[in-house]
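Geometric and topological summary
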Amino acid sequence: KLHVCVGRDLATGGYRQRTRRVSGTYTEAQGALRSFIAEIEAEDAPTARRQGMTFGEYADAWVEERKATHARGTWEKNACHLKCLKMHLGAARLDEVTPRVLDAAIDRLRAGESPSGKPLSGTYLQDMAATGHRMYWQAMKDGHVSSNPFDLVDTPSRDTAERQEVGIEGIERLIAQL
């Protein structure tokens, strides 16, 4: 039985395989494997998708471009958001990222598969999706993709409570308790 890896399934993180049964000698099986690989590559050739930029490459270039036009806090926040997304999508070509793939990545980040190893809040995920949306909008303008997959993703709702101002009385109570 011949097994050929045909790429990673970005939604599950596993690898997809194509198989074919052959019979004959080992040498004949090696020849059949070479033919099988050539057949699979010929199926992919018309799309010429292998030449595309990866999510990670474009994200890095996009952040570098923003350094020149945005405040330090803005582009640093964008870089942190994209670092989380690159953890799951970095090797994918820009055109491979679909809403289903994004939903799976967001679910994994919410479950704790993040750079910190902790689950991300809905508020952070919503901000991260907004950054990804802006990046893909620029990728559309640059001609790398024809659509923005973030347009069709249900972003998590904000779940972080608004911070309350302590005020003078609160500070005085804190000092008294110390």
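Everything quoted here is computed from the prediction, not taken from an experiment.

Things to note about the overall build of the protein
- Counting secondary structure elements, the protein contains six helices and two strands.
- Listing each helix as α and each strand as β along the protein from the N terminus yields β-β-α-α-α-α-α-α.
- In terms of overall size, the protein is more extended than a compact globule, its C-alpha atoms giving a radius of gyration of 23 Å where 178 residues would be expected to give roughly 16 Å.
- Dimensions of the protein along its principal axes, counting C-alpha atoms only, are 90 × 35 × 25 Å.

So, the side chain of Q138
- Tracing the sequence through the fold places Q138 in helix α5 (residues 122-141).
- Other than its neighbours up to four places away in sequence, Q138 contacts Y58, W62 and E65.

A short note on the pattern of salt bridges
- Applying the stated rule across the entire model yields six salt bridges.
- R20 is the partner of E39 in a salt bridge, and the nearest nitrogen-oxygen pair spans 2.8 Å. Within this pair, whereas E39 is found in helix α1 (residues 26-44), its partner R20 is found in strand β2 (residues 15-20), the two being separated by 19 residues in sequence.
- Of the charged contacts in the structure, one is a salt bridge between D95 and R93, with a shortest N-O distance of 3.7 Å.

Overview of the packing of helix α3 (residues 72-89) against helix α4 (residues 99-110)
- Contact pair α3 / α4: the axes reach a minimum separation of 10 Å and the direction vectors enclose 115°. The pairing of α3 with α4 is recorded here as roughly perpendicular in orientation. Crossing of α3 against α4: the hand is right-handed. In this structure, α3 uses C84, L85, H88 and L89 to contact α4, whose residues at the interface are V101, L102, A105, R108 and L109.
- A per-class count over the contact of α3 with α4 returns seven nonpolar, one polar and one charged.

A word on the nonpolar core
- If you look at the biggest cluster of nonpolar residues, it comprises 28 residues, and the most contacted ones within it are F55, L82, L85, L89, L94, M135 and Y136.
- Of all the elements in the fold, those that place two or more residues in this core are α2 (55-69), α3, α4 and α5.
- Ranked by the residues each element gives to this core, the list is headed by α5, at six residues.
- Once residues within four sequence positions are removed from consideration, Y136 is found in contact with F55, L94, V97, V145, S147, N148, P149 and F150.

Procedures and definitions
- Residues numbered from 1 in each chain as written.
- Predicted model: local features only at pLDDT ≥ 70, side-chain atom pairs only at ≥ 80, totals over all residues.
- Heavy atoms only, no water.
- Helix = DSSP H or I, 4+ residues; strand = E, 2+ residues; numbered from the N terminus.
- Rg over C-alpha atoms; globule rule 2.2 N^0.38 Å.
- Contact = heavy atoms within 4.5 Å.
- Salt bridge = Lys/Arg side-chain N within 4 Å of Asp/Glu carboxyl O.
- Axes fitted to C-alpha atoms, helices over the stretch in contact; angles between N-to-C directions.
- Parallel < 35°, antiparallel > 145°, perpendicular 65-115°, else oblique.
- Left-handed = near helix turned anticlockwise from the far one by under 90°.
- Nonpolar A, V, L, I, M, F, W, Y, C, P; charged D, E, K, R; others polar.
- Core = buried A, V, L, I, M, F, W, Y, C linked by side-chain atoms within 4.5 Å.
- Buried < 20%, exposed > 50% of the residue type's maximum accessible area, 1.4 Å probe, protein only.

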